[in-house]
Every structure is written in C-alpha cells, then in structure tokens.
Amino acid sequence: MSVTSERSADGQELTITIKGRFDFSTHQEFRSAYEPKEKQASRYKVDLKDTHYLDSSALGMLLLLRDHAGGERADIQLVNCNNDVKKILDISNFSKLFNIVITA
Amino acid sequence: MISSASDRLTVLIADDNVSDRMLLSAIVSRQGHDVLTASDGAEAVGLFERRRPQLVLMDAMMPVMDGFEAARQIKTLAGDALVPIIFLTSLTEGEDLARCLDAGGDDFVAKPYNQVVLAAKINAMNRLRVLQETVLHQRDLITRHHKYLLNEQRVAKAVFDQIAHSGCLSSRNIRYLQSPYALFNGDLLLAAWSPSGNMHLLLGDFTGHGLPAAVGAMPLAEVFYGMTAKGYGLPETLREMNAKLKRILPVDMFCCAALLCLNFKQQLVEVWNGGLPDGYLLHGDGRPHTPLISANVPLGVLSAGSFDDNTQVYPFGPGDRVFLLSDGVVDSTGQDGELFGARRLQNVLVSNRNPALLIEEVQWALARFRGQARDDVSMVEVAFTEPDLLGPPSVIYTDSGDSSPLDWCASFEYRAATLKRFNPLPYLLQLLQEVHGLRMQSSELYIVLSELYSNALEHGVLGLDSALKRDAAGFGLYYQQRAERLDCLVEGFIRIDFQIVPDGEGGRLTVRVQDSGAGFDSDRVLALPPAVTQLSGRGLALVRQLSDRCQWSDEGRTASVEFAWEGLA
Amino acid sequence: MSNNPVDFNVLSTLRDVMEAEYPALLQVFISDSVNRVNDMTLLLRDPSFTAASTASLQRLGLMAHSFKGSTGNMGATHLSELCLQLEEQGRGLVAADDARIRRLVSEIKEEFYAVRKIFEDELQLCHASH
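Residues numbered from 1 in each chain as written. Chains lettered and ligands numbered in written order. Predicted model: local features only at pLDDT ≥ 70, side-chain atom pairs only at ≥ 80, totals over all residues. Heavy atoms only, no water.

Per an unreviewed UniProt entry, chain B is named Fused response regulator/phosphatase, and its organism is Pseudomonas graminis.

Looking at an unreviewed UniProt entry, chain A carries the name Anti-anti-sigma factor, with the source organism given as Pseudomonas graminis.

Student: What is the right way to look at the interface of chain A and chain B in this model?
Tutor: At the interface, 16 residues of chain A touch 19 residues of chain B. In this assembly, chain A packs against chain B so that about 1300 Å² is buried in total across both faces, 61% of it on carbon and sulfur atoms. Considering only the surface of chain A that becomes buried against chain B, A:Leu63, A:Glu72 and A:Ile91 emerge as the three largest contributors, covering 33% of it. Linking chain A to chain B there are 0 salt bridges. Inspection of the chain A/chain B interface yields 7 residue pairs in polar contact (both at pLDDT 80 or more). Per element, the largest residue contribution to the side of chain A that touches chain B is 8 residues, and it comes from helix α2 (residues 56–68) of chain A. A per-class count over the side of chain A that touches chain B returns 7 nonpolar, 5 polar and 4 charged. (Contact = heavy atoms within 4.5 Å. Buried area = accessible area lost by both parts, 1.4 Å probe. Salt bridge = Lys/Arg side-chain N within 4 Å of Asp/Glu carboxyl O. Polar contact = N/O pair within 3.5 Å; in protein donor to acceptor, adjacent residues only side chain to side chain. Helix = DSSP H or I, 4+ residues; strand = E, 2+ residues; numbered from the N terminus. Nonpolar A, V, L, I, M, F, W, Y, C, P; charged D, E, K, R; others polar.)

Student: Looking at this model, I keep getting lost on the confidence of the model for chain B. Mind explaining?
Tutor: Any region with low pLDDT has predicted coordinates that should not be read closely. Residues and elements named next belong to chain B. For chain B, the average pLDDT comes to 85, and 92% of its residues sit at 70 or higher. Low pLDDT (under 50) marks residues 1–5, which in the prediction has 5 contacts with non-local residues, meaning those over four places away or in another chain. Interface confidence for the predicted complex, expressed as ipTM, amounts to 0.91; the pTM equals 0.66. (pLDDT = per-residue confidence, 0-100.)

Student: Sorry, what's going on with the pattern of salt bridges here?
Tutor: Side chains that carry opposite charge are capable of pairing whenever their charged atoms lie near each other. Summed over the entire model, instances satisfying the criterion amount to 36 salt bridges over all chains. Note that A:Lys86 is salt-bridged to A:Asp90, the shortest N-O span being 3.0 Å. Of the two residues, A:Lys86 and A:Asp90 both sit in helix α3 (residues 83–91), 4 residues apart, roughly one turn of that helix. According to the relative accessible area criterion, A:Lys86 is partly exposed, its value standing at 23%. Among the salt bridges present, the one from C:Arg102 reaches C:Asp98, with a minimum N-O distance of 2.8 Å. Placement of the pair is C:Arg102 and C:Asp98 together in helix α5 (residues 98–129), with a separation of 4 residues, close to one helical turn. (Buried < 20%, exposed > 50% of the residue type's maximum accessible area, 1.4 Å probe, protein only.)

Pasting the structure below:
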C-alpha cells in the first residue's frame, strides 16, 4: 500500500495514486497527499489503477478529499477504476459525487 | 527500558558448597544486587516462596533436593512471571545440560566463575525478565481495558436496546439475524408502525466499527421512530435522517441504509436504498425476484439541497417478501480470496423452498463458502401479512380530555411549491388528535386522510391515470410519472376543510378535500365491483369502508367524509 | 604434587572480590575441604566399597564433582583436575578401576595438603598485614 501525489506543470491539478489496498491504514498518507504544501489545487485526480481493494473507510476518505476540494463544487475525477472498485463505488452511488472514469 | 530501580535485583543463590556460595555471593553483591543463599534445593524453594527473588543461581547437584527439582518447583510458583534460573555447573555433558533446560533453566554458568561473564549473563537475563514483565503488564492492561470496554458496550447496548425494541421488530412477519453486538459493527435494524398501519423498516450500516460506528445509531433511531409515529412518509423521514446525520457526523462517516414502507392494506411496498447491497423483493407466485438496487448516495453525505428522497414503489401482496442485507454477505471472501458475490446469494434465494429458513440458508451457504461462520452480518426478511392480523397497538393517552375542543372549523390550502416537498398529513392528524373523541379512530382517520390526500395529489393535481397500475410494468411507470410531474409542478392546489360539531354527548367531524384537477366520474368509479386482485382502485374502497359517510361533488374534485363518535365513557 | 598447586592470578582476583571476607573464604574453604577429603578417605576404607558397585561409585562421583567446583573456583587448578578424573571414574564415564580410584584419592589428599599449606600462609599474611 502506498500513496503518491503529483502536481501538473501549472500547479492546478493534483493526481493522487493509490497502490494496493485503499483502507483505513492509508488514512494518514492519503490526507497528507492532498493537504496543501503550497497553494491548493483546483482539480483533483485519484488514480485507482493499482488499487486492488477499497472499503467503506476509503469511501470516507474520498468524502474528506471532496470536502477539502470544495464540497459540492469539488472537481474530482476517480480514474482507472477496475471492476471490483467500480462495483463498490456504484453501490454507494459515488458517481453522483465524483466523476468516475473507467480509463484515464 | 530498564529503570535503575529494577537494575538492583534480589538474587537467590543455591549451592551446597559453602566456599562457592560465599564467593558467588560476594561477586553478585559487588554487582549491586541483594543476595539470598540456600544450601540445598528444598531450602531454595522455601526461600523463593517467602522472598520472591527476581533471579536464581542454582547449583545442579545438591543434597536433599537437587537443582533440577528445585528449578521445576520455582518455575511453577513463578507462574506467568519470568524468574530466570541460571544453572551453576561444571557439568560438561550434553545430556546434563539438556536436563537443566528441561527443568526450566534459562542459562548456565560454568565453574570456575568468571565475574565478567556472570555479570553479563545476569544482565541479559534481567533484560528478558523486564521484557516479560512489560509484556505481562501490557497484557493485564489490555485485559482490564477490554473488560472495561465490554462493560461499556453492554451498558450502551442496553440503553440502545430500549430504543430499538420500542419498535415492532418482534412482529410475526419479520425474521432477522443480527449479531448481539451489531450496534458496534455499525449495523442498525429498526421497525415501527405508522399511524395508518403501515410498517416502516430500516436496515442501516454505518461506516467503521466500534464506538464511532455506534454513535450515529441513536439519533437515527430517534428520527425514524419519531417521524414514523407522527405519520410522516419515507421521503420526509429520509430527508430528516439525512440532514441530521449530515449535521452531526464527521465528513468521512455516513450510513448506508435501506428504508421500507410496507402498506399491507393497499398491498404496496415503497423502497429507498442508499448504499446497501441489492435487496430483493421475493414473489410468492414464482416470478423471478426483483432486485432492490441502491439508487442513492448513503445517508449523511449530501446536503439537504442535493439529497434525493425518491422512492420506488412495487406491488406487494400475499406470499411476497422483502429481503435486505448489510454488506459482509456478498463481499465475504473465501479461502482463495474469491468473493461470495451476488450470484451465489441469488442461487440461495432461488433454491429456497421454506421461507422460514431463508436466512439460515444464506448463513449456511456463507459458512460453507468461507469455511467458517460470520457473526457480523445483518439480514432481515419481511413478509406480506393481512393487515388485520397485525395492526399497530393502540395509542394510550394520559391527559383527561376536559380541555378537548368541540366546536370549530379550519381550512387549509396547499399550493404547488408546498405540494412538491411538504407532507401536511402528520400536522393535520396532530391537530385532530386534540379531539379526544377521534382518538379511538385515529388509525382509520389517518388512512382515509392519506387516501384522499394522495388521490387529490396524484389524480387531481398531477392528473395521473390510476388505470396505469393494472400491471407491474404500468405500476412502475405510474410512480415514475408521479415523480416527474411533481418535480415540475408549477400550479395547482389541495384544499382541506375540517368541521367539528358537537352532537349530543359525542360529535362529528366532516373532512372536505378539494383539488385543482379535472375531477372524475365518481358515480361510475364507485359503481365498479371492488377490484380485489387488481393493483389499482383500492383507495376508494378503503375510504368507504373506514369512514361513516363519504361522497364526491364538484364533478369528483371534492371529496367529503364524515367521522362520528359517541360520548366518552 | 604439582609445581604450582594454586594459580596466584586466581588468588589475587579472589582477594579483590572478597575484600574483607577474603580470610573467611580461605578459612571456610580449608575446613570444608578437610571434611570432603576425610569423607572420600572414609568411603574408600569402608569394606563394602568396590569399583564394581554402582551406588558406591555414584557417591564418590558426586563428592568429586562438588570438590572439583570449589577447588576450581579457588584456583587450585591441579587439584580440580584430579577431582575431574575421579568424577569420571565415579560417574562411569570411563571404565572404573579400583586401583586407579585409590591412587587418585591419595593424590587428591596429597595435593590438598599442598594447597592448604599455601592458603594457611595466605592467612598468616592477612593477619600480619592487619
């Protein structure tokens, strides 16, 4: 399990990549990946390509990111969701909160 | 971490050889420890019992009781605590050394003694001893903490059960499975009667475990019971639950939930699912089951403005059942990491022959799949039942009735913007409850009022055609149209008049419900034979059956019903 | 009798460790050892003693084992070595030989007198220095 983040050249977009299990143990890493070092990004991308598993606390963490990024006005894409991850996001209808993209 | 205090040990030296004993005592004392001496094994065991030294230096060959036996007895007396025993020996044979180990020896020191080696061994053994002591201390701390926690949970659960069991989970048509500590898995199951005799049921699953998962349960249950008892429908109850959880829960916590309203009189079930795995409507006549899919974001996530309170309505008749489950069933993993999945669950549902065993069969299938049972899943099954077999318990009022109003009228008009979101029925019913004579009939009153109100809204203001509800497909379409038309409603009204007049010892209530719609041919509709097996047309029959007098005027746009009561005993 | 019955390095360490107790240690060792040597001699004089008797051998072996320990600690290296040989006989680690056993015990006795002489001189020195 590891969380990495990368800013776009113009600093506007922050991409967070989660490898392995996305669950409560990722909490601290995930938070520090988006909490601003310099100025806050205006768009977010969460790359779930190498995420094998996602539980309800991961959904909670996504909600924290959404809150941080402006709540209902947040611009967050969840990209590269595999079938299992997609299923979990679907049950909770997170497509109503996030822009879910199957492939980047 | 060894404190300086624990560096100073009490060391028991057992050796029959008096000069060796003297020498060893001197060496150990010089290292800063307190020394006890024994000249044979039996004396050593006695001293150990009385003085509890922390470390023992034990000669193997001694008269009366040898070092091996003494070591065994001391280890037994020490119990869980580590009392290191270092054998003092010039034994060189492997077999003898093995005997020392078998007897519980932790190390050896050979004669002649080497001070440096001896000090190093005592220190090393003491580090082990302290480590063990720390582990034991932490174990005891954890045990104490765990007991404390269990007790807290027991108290919290007892308080919560008072609330949860105030509902009607014990009704004969409900079967459920819940772990005794479901509350601390975040699972919540509630059921209650509405004043009209509908059963409301909620299965919820909060994120997380333990106390954080349990704290949201109390306010959620309060809203559920409070609003159900007051006669609010699912949408209002859902909006309130969502708003409350959104307000009190941290951002990353929410509650996946399914809420049902089972209307046994009109044979309908209304469903809202936000975040729970598919539930199922199981049909008694062998039709394939209908999945009750999560179409909504869980409770406590969205702001009031974005929350979607749309429900799905399905016919629900004799032999039908609704089956709901928390996650933990379909996402159970087998030994090879494979998921139990919806397909395996559906196979169990399809092959089920005895409805009474459905939940057990799901459990068995799960246990077979995983190789062990799970006790952290919640399942509930509600069956259709004839309304008169259950019925809500009558409400008991404690006031005297002396101040009951007896001669008044009131008029209300609800216009488009209000009709979209507001359900006036609980408020109106509350008003009528002030009239004591009506309390005995509050359930009938509520049913008739809600029938007339929904007829006025759906057929009058929204112009929906009840003929649509002839079959299951039309049924879905009907409720879809209802939601769409309500959503874009800009004009229209429903007017409700109450007139209460005294009549001898008792009195009489007249309710008039008027709508802005096109009206209907009431004579023709009422002349139709009662449509027992049809999905539509139950409403008017109910109204006629439950009220003392009813009539339609103004080309079907105004309905008028009467309820009368005798003097109170 | 060996050339150096007592290792003086060991003796000086004992002096350091025991401090004021040093003369007492010497005294205790001497009187304890006198008993041990006597016990061994008596055991061999017992008409029932024979190298063929396991019980007798075991008793002797244990005596030798214990004496080996204290003599080792006191720096009586050769005496300790003789005790080891006797212990091996007594514990059946080598084929027991009656003549050899008797010879070993008398060697132990002789060596002990040498050691004792040295320790008594030590004691004299201690008293003289006080």
